[in-house]
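# Remarks on the overall topology
In case you want the letters, here they are:
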Amino acid sequence: MLAWALALGLAGAAPAQVGNGRADKPEGASAAEPTEVLGSVGAVTQTTDLALDARDALRRRDGVRLLALRDISASQRHPLAAWIDYWELGNRLATAQQSDLDAFYARWPATYVEDRLRNDWLQELGKRRDWANFAREFPRFQMNDDREVSCYALLAEHLAAQDSGKAMPARFKARAFDAWAAQRDLDDGCHQLASALI
């Protein structure tokens, strides 16, 4: 249904006129030829198929296919190219380097998908205990809506203070407890934070 509606919109078909039970063309307008509509349906189907193919490749963890679909979607300026790029990089996030993320951020600056990947990357950096890159990335995390990332951020703050010999602010333990208590399920970030403070 959505593909058909999009196809009609892409074909530039005039809206149907109510009256005699058929679609009349407005004065001075020409009705879309059937081949124009069919061509548009094909274009929408190709667009939809590309995104569905990428989603299926992600489910299968087919990195080679995802990379190819990422490149195709970018070259075609596909409306979901950012998400296909997100899926491709997310599929290999465990082996990604900071330079891979920086390149992604440059391709999709100031977008929702950029911040979603930053969230995933911050989780990965916390698992890796890569506090230098974590400290660089965390201030850029706009949504700041992930409890585990919040715990990792508090842990990074605690470790940095320990390394520099600075005392933590008086309210730090209360902030850490609030973050730990707000978790739904036990996660690595909050577990590591609690362990460091015991």
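Residues numbered from 1 in each chain as written. Predicted model: local features only at pLDDT ≥ 70, side-chain atom pairs only at ≥ 80, totals over all residues. Heavy atoms only, no water.

### As for the packing of aromatic side chains
Under the defined criterion, the tally for this structure stands at eight aromatic pairs. A centroid spacing of 6.1 Å and a plane angle of 50° characterise the contact between tryptophan 83 and tyrosine 112, whose relative ring orientation is tilted. In this pair, tryptophan 83 is assigned in helix α4 (residues 81-91) and tyrosine 112 in helix α6 (residues 112-128), connecting sequence segments 29 residues apart. Here tryptophan 83 falls in the partly exposed class, since its relative accessible area comes to 28%. Aromatic pair tryptophan 131 and tyrosine 152: ring centres 6.0 Å apart, planes at 55°, arrangement tilted. Pair noted here: tryptophan 131 is in helix α7 (residues 131-137) and tyrosine 152 is in helix α8 (residues 147-164), with a separation of 21 residues, a long-range link. Overall, tryptophan 131 belongs to the buried group, its relative accessible area being 18%. Every member of this aromatic cluster is reached through a ring pair, and the members are Trp131, Phe134, Phe138 and Tyr152. (Phe/Tyr/Trp six-rings, centres within 6.5 Å; stacked < 30°, edge-to-face > 60°. Helix = DSSP H or I, 4+ residues; strand = E, 2+ residues; numbered from the N terminus. Buried < 20%, exposed > 50% of the residue type's maximum accessible area, 1.4 Å probe, protein only.)

### Structural notes on the pattern of salt bridges
Inspection of the entire model under this criterion finds 18 salt bridges. When the shortest N-O distance is used, the salt bridge between glutamate 88 and arginine 70 registers 3.4 Å. Separated by 18 residues along the polypeptide, glutamate 88 in helix α4 and arginine 70 in helix α3 (residues 63-75) bring together distant segments of the chain. (Salt bridge = Lys/Arg side-chain N within 4 Å of Asp/Glu carboxyl O.)

### Observations concerning α3
Across its 13 residues, α3 extends 18 Å between first and last C-alpha, which sits within 8% of the 18 Å expected from 1.5 Å per residue. Along α3, the residues classified as buried are Leu66, Leu69, Arg70 and Ser73. Projection of α3 onto a plane perpendicular to its axis shows the buried side chains occupying an angular sector of 110°, all on one side. Among the exposed residues of α3, those pointing more than 90 degrees away from its buried face are Val64 and Ser75. Looking one or two residues past α3, arginine 77 carries a phi angle of roughly 55°, positive in sign. (Expected span 1.5 Å × (residues − 1). Arc of directions from axis to C-beta.)

### A look at helix α9 (residues 172-181)
Three or more residues of α9 are buried, namely Phe172, Ala176 and Ala179. For α9, the arc enclosing every buried residue in end-on projection is 65°, short of the 170-degree limit, so these residues lie on one face. Structural note: α9 exposes Lys173 and Phe177 on the side pointing more than 90 degrees away from its buried face. For α9, the secondary structure elements touched by its buried residues are α8 and α10 (188-197). (Contact = heavy atoms within 4.5 Å.)

### Notes on the confidence of the model for the protein
Per-residue pLDDT for the protein averages 81, and the proportion of residues at 70 or more is 76%. Segment residues 1-45 is flagged for pLDDT under 50; beyond a separation of four residues in sequence, or across chains, it makes 25 contacts in the model. (pLDDT = per-residue confidence, 0-100.)

### Let's talk about unusual backbone geometry
A positive phi angle, near 60°, is found at arginine 61, a position not held by glycine. As for its position among the elements, arginine 61 is in the loop between α2 (34-60) and α3. Take arginine 61: its relative accessible area is 59%, and that puts it in the exposed class. One non-glycine residue, arginine 129, lies in positive phi territory at about 60°.

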